[in-house]
Amino acid sequence: MTQPPTAPSASGSEREPDDSRARRIVLADDEALIRLDLAEMLEDAGYEIVGQAPDGQQAVELVRSLTPDLAVLDVKMPVMDGLSAAEEIGRERICPVVMLTAFSQKELVERARDAGVMAYVVKPFTAGDIAPAIDIALSRWSEISALEAEVADLGERLETRKAVDRAKGILMRRLDLSEPDAFRWIQKTAMDRRLGMREVADAVVAGMDTD
């Protein structure tokens, strides 16, 4: 199979236009002081806090009514915990979720992944911890949305995502790209060649295997 073309430049028309609009966020944490501190931290970083909730159920209702760009949820909350809230938000495909937790056990991470959580942050955290997690969550959400638009079958979509993840890793190492740029490389190559992203990803992986 022919090798994929060289990576597009990171400047000019090859880059997606910057979104100057502040990202709209819903926060949920049952500890009011933590919630207020986090809101201030995120506002100082340029995000817009459009709603705050003390429990998971209210968080889900706010997300449904406000349709934010992102929800930041604590794991342990009354009425409905953060993971259950994330499951509802993910099931309705409203927005990505970043999970806040005081724990980092493997089973928690696995359940968060299964709930559709795009990133998580372990307490105590700083603005330097939360901002990259938000970027990761938004990027992964965009990738999943693009894959859903291209592949209707769930099983095939999962296999495509696995292939794309492998190819992203190769491109990140070989071309010194960030994870979002590696995905955009695959997406743009697929569009230019009128191929599916799975085909482009397989070609990237095959190129590594034949080196």
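The structure under discussion appears in the preceding block.
Residues numbered from 1 in each chain as written. Predicted model: local features only at pLDDT ≥ 70, side-chain atom pairs only at ≥ 80, totals over all residues. Heavy atoms only, no water.

Caption draft 1: View of unusual backbone geometry. Put simply, Lys-123 and Pro-124 share a cis peptide bond, and its omega is -10 degrees. Mapped onto the elements, Pro-124 comes out in the loop between β5 (119-122) and α5 (127-150). In the Ramachandran plot, Thr-67 falls in the positive-phi region, its phi being about 40 degrees despite a non-glycine side chain. You can see Thr-67 is positioned in the loop between α2 (56-66) and β3 (70-74). In this structure Thr-67 comes out as partly exposed when scored by relative accessible area, which is 49%. For Val-79, which is not glycine, the phi dihedral falls at a positive 70 degrees. (Helix = DSSP H or I, 4+ residues; strand = E, 2+ residues; numbered from the N terminus. Buried < 20%, exposed > 50% of the residue type's maximum accessible area, 1.4 Å probe, protein only.)

Caption draft 2: Region of interest: the pattern of salt bridges. The final tally for this structure, using the stated rule, is 12 salt bridges. Arg-64 is the partner of Glu-92 in a salt bridge, and the nearest nitrogen-oxygen pair spans 2.6 Å. In this pair, Glu-92 is assigned in the loop between α3 (82-91) and β4 (97-101) and Arg-64 in helix α2, connecting sequence segments 28 residues apart. Given a relative accessible area of 37%, Arg-64 falls into the partly exposed group. In this structure, Asp-192 and Lys-188 form a salt bridge, with 2.6 Å as the shortest nitrogen-oxygen distance. Linking Asp-192 with Lys-188, this pair stays in helix α7 (residues 179-193), spanning four residues, or about one helical turn. Residue class for Asp-192 comes out exposed when judged on its relative accessible area of 53%. One salt-bridge network, held together by shared partners, links Glu-143, Arg-161, Asp-165, Lys-168 and Glu-179. (Salt bridge = Lys/Arg side-chain N within 4 Å of Asp/Glu carboxyl O.)

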